[in-house]
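Take a look at the letters that make up each chain.
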Amino acid sequence: MKNKKSEKKKENIKDGLRAPKGMHDILPSEWPWYEKIYSVVNELADFYNFSRIETPILERAELFERGVGTDTDIVGKEMYFVKGRNGDKLVLRPEMTAPVARAYIEHHLGRSASLQKFFYKGSAFRHERPQLGRFRQFNQAGFEVIGGSNDPIYDAEVILIFQRLLEKLKIKNIVLKVNSIGCKVCRPIYKKQLLSYYKDKKLCPDCQKRIKINPLRLLDCKNENCVKLKASAPNFLDKLCAACTSHLKGVFEYLDELKIPYMVDNALVRGLDYYSRTVFEFFTEGAGADVGALPAGGRYDYLIEMLGGRMTPAVGGAAGIERLIAVMKAQDVEQPRRSAKKVFVMHVGEMAKKKSLNILEKLRSAGISATEALGRDSLKSQMRLADREGVKLALIFGQKEIFENSIIVRDLETHLQESVPMDTIVEEVKKRLARKNK
Ligand SMILES: [Zn+2]
Ligand SMILES: [Zn+2]
């Protein structure tokens, strides 16, 4: 008895052996959420004709320094550095668009078709303050359209895919914010106007830094006073060049055609240097709103060129899986379940236990998902487990059945049972399961 008690005492991991701060284990109870999201991502990729691409978790630091920009938080503050043995400066990837663009150039993917559609799933790493739905190692799924023309139809398609993703995950109260941050022609002019507007204004300490690095981000500040100042700041939408204005109009027209509701938010600037023209972010209102931006992305027509490729139009976005899960939970979306096993093979006695192994294999090789509790000897506890797991049929095998070369098939819903010849077990099980599916 004494032993049993001490077994139940709560175990504690030794100090210093915990998972690093902000890193999390994805436990078996969490996986059904991930699998649900990934299965929707796969389905959408298939419907919209995106091909999977996977890039390494380690990349050269320079890729992000050049592509994303050293002035951004992601690159300036949040990257994890890994020293290569030959002195290479490597990092754990903080995002996945720059690596996809790198792979596109490195493997000359533009040669085989002018327009390429990619999707990816994987982990990225950012050393930021952990909060709800935000971890230092997080998972993302993204869609990127690279090449072809800069037609706004692709911006709308990427937005459409994320809209469908949220809908299929039953996330409610979706708000889509869209903005344009212009191009090489109009952005510098607008930045100058912003600077001259803010020149003699009293800014919060963060904004005093931002104004030197990326004045567009002044519009993003949540500080009360800065928000007030923003109200009379020049609006980029009035200052876009003709080409950017008509591009943004095109995006709106396609979204209208698709009946996707959106709001224009001129404070939406996105932190990364590679964006041009369209930027978008999805949010939810009410429960789950505190998770922040859900899928987000934009156009990045200059990125490939910044990395040494040819000028190649591109647009894409990514969704943080942990954030989606946090919102689904906050909105009481029903927990996805692993599909229940159809058949439970139960044994009575040592001999039957041994022979059960081959019965299980016979069922499995016939494509029937079967499970067992070979470590438990009591029929009652096997029965209880089958009930808990929602199994439909129990196959019961004991001493008598061994001699008669038969097996008992018990319907766990109706509790009716009958003995059938062992040789016909696969057909008998299939017949009964088919009847249940009707
Ligand atoms: Zn422009
Ligand atoms: Zn501020």
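Residues numbered from 1 in each chain as written. Chains lettered and ligands numbered in written order. Predicted model: local features only at pLDDT ≥ 70, side-chain atom pairs only at ≥ 80, totals over all residues. Heavy atoms only, no water.

1. Description of the sheet that holds strand E3 (residues 80-83)
Right, on to step 1. The 3 strands lie next to each other as E2-E4-E3, forming an open sheet whose pairing is antiparallel. The open sheet has two edge strands, strand E2 (58-60) and E3, and neither has a second partner. Pairs of neighbouring strands in the sheet enclose a mean axial angle of 45°, with direction left out of account.
Right, on to step 2. Pairing of E3 with strand E4 (residues 89-92), which is carried by 4 bridges, proceeds in the antiparallel orientation. Counterpart to Val-82 in the pairing with E4 is Leu-90.
Right, on to step 3. Strands in contact with helix H3 (residues 61-69) are E2, E3 and E4; relative to E2, the strand with the most contacts, it is inclined by about 65°. (Pairing = 2+ DSSP bridges. Helix = DSSP H or I, 4+ residues; strand = E, 2+ residues; numbered from the N terminus. Axes fitted to C-alpha atoms, helices over the stretch in contact; angles between N-to-C directions. Contact = heavy atoms within 4.5 Å.)

2. Comments concerning empty space enclosed by the protein
Right, on to step 1. Applying the stated rule across the entire model yields 1 cavity of 30 Å³ or more.
Right, on to step 2. For the largest cavity, the calculated volume is near 40 Å³.
Right, on to step 3. Contributing to the lining of the largest cavity are Ile-53, Glu-54, Thr-55, Arg-93, Met-96, Val-100, Tyr-120 and Lys-121. (1 Å grid on protein atoms, 1.4 Å probe; cavity = no way out; pocket = protein on both sides within 12 Å on 5 of 7 lines; lining within 4 Å. Points joined across faces, edges and corners; volume = space filled by probe spheres on them.)

3. Looking at the sheet that holds strand E14 (residues 393-397)
Right, on to step 1. Ordered in space as E13-E12-E14-E15-E16, the 5 strands form an open sheet in which the pairing is mixed. Every other strand in the sheet has two partners, leaving strand E13 (370-372) and strand E16 (417-421) as the edge strands with one partner each. In this sheet, adjacent strand axes meet at a mean angle of 30° when their direction is disregarded.
Right, on to step 2. Where helix H15 (residues 350-365) meets the sheet, its contacts fall on strand E12 (343-347), E13, E14 and strand E15 (406-411), and the angle it forms with E12 comes to roughly 165°.
Right, on to step 3. Helix H18 (residues 425-437) rests against E12, E14, E15 and E16 of the sheet, and its axis sits at about 155° to E14.

4. Digging into the packing of helix H7 (residues 152-168) against helix H12 (residues 242-257)
Right, on to step 1. The interhelical angle for the contact between H7 and H12, taken along N-to-C directions, is 45°, at an axis separation of 8 Å. By the angle between their directions, the pair H7 and H12 is classed as oblique. H12 is crossed by H7, and the crossing has right-handed handedness. Residues Pro-152, Ile-153, Asp-155, Ala-156 and Ile-159 of H7 form the contact with H12, whose participating residues are His-247, Gly-250, Val-251, Tyr-254 and Leu-255.
Right, on to step 2. Class assignment of the residues belonging to the contact of H7 with H12 gives a composition of 7 nonpolar, 2 polar and 1 charged. (Parallel < 35°, antiparallel > 145°, perpendicular 65-115°, else oblique. Left-handed = near helix turned anticlockwise from the far one by under 90°. Nonpolar A, V, L, I, M, F, W, Y, C, P; charged D, E, K, R; others polar.)

5. Overview of the coordination of the zinc ion (ligand 2)
Right, on to step 1. With distances of 2.2 to 2.3 Å, the protein atoms coordinating the zinc ion (ligand 2) are Cys-204 (SG), Cys-207 (SG), Cys-221 (SG) and Cys-226 (SG).
Right, on to step 2. One can describe the donor arrangement at the zinc ion (ligand 2) as tetrahedral, given that its 4 donor atoms subtend angles of 107 to 113° at the metal.
Right, on to step 3. Here the donor residues of the zinc ion (ligand 2) are spaced in sequence according to C-x2-C-x13-C-x4-C. Here Cys-221 and Cys-226 have matching classes, each one buried. (Donors = N, O, S within 2.8 Å, 3.2 Å for Na, K, Ca; no water. Tetrahedral: all angles 85-135°; square planar, octahedral: opposite > 155°, others 65-115°. Buried < 20%, exposed > 50% of the residue type's maximum accessible area, 1.4 Å probe, protein only.)

6. Things to note about the domain arrangement of the protein
Right, on to step 1. Per the domain assignment, the segments making up the protein are domain 1 (31-185 + 241-330) and domain 2 (343-437).
Right, on to step 2. Taking only C-alpha atoms, the centre of domain 1 and the centre of domain 2 are 49 Å apart. (Domains from an automatic or database assignment.)

7. Describing the packing of aromatic side chains
Right, on to step 1. Tallied over the full model, the rule gives 13 aromatic pairs.
Right, on to step 2. With a centroid separation of 6.0 Å and 20° between ring planes, the pair formed by Phe-119 and Phe-143 is classed as stacked. One end of the pair, Phe-119, is in strand E5 (residues 115-125); the other, Phe-143, is in strand E6 (residues 137-147), and 24 residues separate them in sequence.
Right, on to step 3. Looking at Phe-119, the relative accessible area reads 7%, which means it is buried. (Phe/Tyr/Trp six-rings, centres within 6.5 Å; stacked < 30°, edge-to-face > 60°.)

8. Observations regarding the coordination of the zinc ion (ligand 1)
Right, on to step 1. Protein-derived ligands of the zinc ion (ligand 1) are Cys-183 (SG), Cys-186 (SG), Cys-241 (SG) and Cys-244 (SG), with the metal-ligand distances lying across 2.2 to 2.3 Å.
Right, on to step 2. Relative to the metal, the 4 donor atoms surrounding the zinc ion (ligand 1) lie at angles of 101 to 115°, and the coordination shape comes out tetrahedral.
Right, on to step 3. All donors to the zinc ion (ligand 1) come from one chain, and their sequence spacing reads C-x2-C-x54-C-x2-C. Of this pair, Cys-183 sits in the loop between strand E7 (174-180) and helix H8 (186-198) while Cys-241 sits in the loop between helix H11 (236-239) and H12, placing them 58 residues apart in sequence.
Right, on to step 4. Owing to a relative accessible area of 17%, Cys-241 belongs among the buried residues under this scheme.

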